Amino acid sequence: APTLRSLRDDDDDDVRWGGTPGYVDPALARTGRLAPACDVYALGVVLLSLVTGRPAVDAERTPTDLAAWVTERYYSATARSSNDNKNNNNTEAVEAVADERLFCCASGDTRRRQQRACDRSANGGRDGQRRRCRSDDGSDDVSDEAGLAVARGLLEIAAACVEADPRRRPAAADL
């Protein structure tokens, strides 16, 4: 695969860059300056894709790029939560963007290891309400706090990586 260095012409000081839509740092597209922060941005998009279960670009989604979509939904849900003053650990915001399959990840006990199907309880859903997981035998729906913690942690890292200002992103070595 060609690297950005191999795209440089020996007799030209300009670097031509290319990248996959959705993963290219908007700051790079705007300024043309290639920096390690561009790779950090792409890593953030990969993490967002893992957490949400959605592709980096989707023409049927508004906004079409994943980083903007997550940011919009996440901060909108965070604002609703803080206005309602009923949730101060951003659970509603995490649930607004995370793939519900994360909430059914296996944790310590045997019953949870057997979980295969995640469905919404009578109170659950995509609108910020708690998801519930059902074990294979259909017994005892339980909410999966481990999945919520994983989603929350990955979203925090991804959000730092896709920060609009490249100077505020973590250094690649710190990830």
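Owing to the predicted nature of the structure, the values given are computational and were not obtained by experimental measurement.

**Overview of the overall build of the chain**
The helix and strand tally for the chain stands at six helices and two strands. When its helices and strands are written in sequence order, the chain yields α-α-α-α-α-β-β-α. Among the 175 residues that make up the chain, the fraction classed as buried is 33%. Intrachain contacts of the chain at a sequence separation of at least 6 include 47% that bridge at least 24 residues. Accessible surface, the chain: about 10,600 Å² in total, of which carbon and sulfur atoms supply 48%.

**Some details on the packing of aromatic side chains**
Under the criterion given, the structure shown has one aromatic pair. For the pair tyrosine 74 and tyrosine 75, a centre-to-centre distance of 5.2 Å together with 90 degrees between the ring planes defines the contact as edge-to-face.

**Here's the deal with the nonpolar core**
Core analysis: the largest hydrophobic core is formed by 23 residues, its most contacted members being Leu48, Val70, Val94 and Leu155. Breaking this core down by element, the ones donating at least two residues are helix H2 (36–52), helix H3 (66–84), helix H4 (91–97) and helix H6 (145–161). No other element matches the six residues that H3 contributes to this core.

**Concerning the pattern of salt bridges**
Opposite charge on two side chains permits them to pair, given that their charged atoms come into close proximity. Scanning all chains against the criterion turns up three salt bridges. In this structure, glutamate 163 engages arginine 168 in a salt bridge whose closest nitrogen and oxygen atoms are separated by 3.6 Å. Since its relative accessible area comes to 59%, arginine 168 is described here as exposed. The salt bridge involving arginine 167 is made with aspartate 165; its shortest N-O contact spans 3.1 Å. By relative accessible area, which is 74% here, arginine 167 ends up exposed.

**Observations concerning H2**
Across its 17 residues, H2 extends 25 Å between first and last C-alpha, which sits within 8% of the 24 Å expected from 1.5 Å per residue. Of the residues making up H2, those classed as buried are Ala37, Cys38, Val40, Tyr41, Gly44, Val45, Leu47, Leu48, Val51 and Thr52. Glycine 53, located one to two residues past H2, shows a positive phi value of around 75 degrees.

**Examining a nonpolar patch on the surface**
A surface patch of nonpolar side chains, amounting to about 420 Å² of accessible area, comprises Leu43, Val46, Leu50, Ile157 and Leu175. Top contributing element to the nonpolar patch by residue count: H2, with three residues. Structurally, leucine 175 is set in the segment after H6.

**Here we look at the side chain of threonine 52**
You can see threonine 52 is positioned in helix H2. Classification of threonine 52 by relative accessible area gives buried; the value is 2%. A polar contact is formed between the side chain of threonine 52 and the backbone oxygen of leucine 48, at a distance of 2.8 Å. Side-chain polar atoms of threonine 52 contact the backbone nitrogen of arginine 54, separated by 3.2 Å.

**Digging into H6**
Between its first and last C-alpha atoms H6 spans 24 Å; for 17 residues at 1.5 Å apiece the expected length is 24 Å, and the two agree. Taken residue by residue, H6 has Gly147, Leu148, Ala151, Arg152, Leu155, Ala158 and Cys161 as its buried positions.

**Details of the environment of alanine 160**
Within the secondary structure, alanine 160 is located in helix H6. On the basis of relative accessible area, alanine 160 is assigned to the partly exposed category, the value being 28%. Remark: the alpha-carbon pair of alanine 160 and glycine 44, spanning 116 residues in sequence, is separated by 7.6 Å. Among all residues touching alanine 160, those that are not within four sequence positions of it are Arg169 and Pro170.

**Considering the confidence of the model for the chain**
Of the residues in the chain, 64% have a pLDDT of 70 or more, and the chain-wide mean is 75. Looking at the elements of the chain, mean pLDDT is at its lowest for helix H5 (residues 110–113), recorded as 42, and at its highest for H2, recorded as 95. Counted against residues more than four places away or in other chains, residues 1–6, with its pLDDT under 50, gives five contacts. Low confidence marks residues 106–130, where pLDDT is under 50. Its contacts with residues over four positions away, or in another chain, come to 58 contacts.

Basis of the calculations
Going along each chain's sequence as written, the residues are numbered from 1 onward. The predicted origin of the model limits local features to residues at a pLDDT of at least 70 and limits the giving and counting of side-chain atom pairs to 80 or more, whereas totals for whole chains, interfaces and linings rest on all residues. As a convention, hydrogens and water are excluded, and side-chain values are obtained from all of the structure's heavy atoms. A run of H or I in DSSP becomes a helix once it reaches four residues, and a run of E becomes a strand once it reaches two; helices and strands are each numbered from the N terminus. Only protein chains enter the accessibility calculation, which uses a 1.4 Å probe; a residue whose area is less than 20% of its type maximum is buried, one above 50% is exposed, and one in between is partly exposed. In this analysis, two residues are considered to be in contact whenever any of their non-hydrogen atoms come within 4.5 Å of each other. Under the convention used here, a 1.4 Å probe and the Shrake-Rupley method define accessible areas, while residue burial counts only the protein chains that appear. Centre distance within 6.5 Å is the pairing criterion for rings of Phe, Tyr and Trp, where only the six-membered ring of Trp is used; planes under 30 degrees apart are then read as stacked, over 60 as edge-to-face, and the remainder as tilted. In these notes, a set of buried Ala, Val, Leu, Ile, Met, Phe, Trp, Tyr and Cys residues joined through side-chain atoms within 4.5 Å is what counts as a nonpolar core. Definition used for salt bridges: Asp or Glu carboxyl oxygen within 4 Å of a side-chain nitrogen of Lys or Arg. Here, expected helix span is obtained from the residue count minus one, scaled by 1.5 Å. Patches were defined on residues exceeding 30% relative accessible area and lacking a salt bridge, with like-charge contacts within 9 Å and nonpolar side-chain contacts (Val, Leu, Ile, Met, Phe, Trp, Tyr) within 5 Å. N or O atoms closer than or at 3.5 Å make up a polar contact, with two conditions inside protein: a donor-capable atom paired with an acceptor-capable one, and, for residues adjacent in sequence, both atoms drawn from side chains. Residue-level confidence of the predictor, termed pLDDT, takes values from 0 up to 100.

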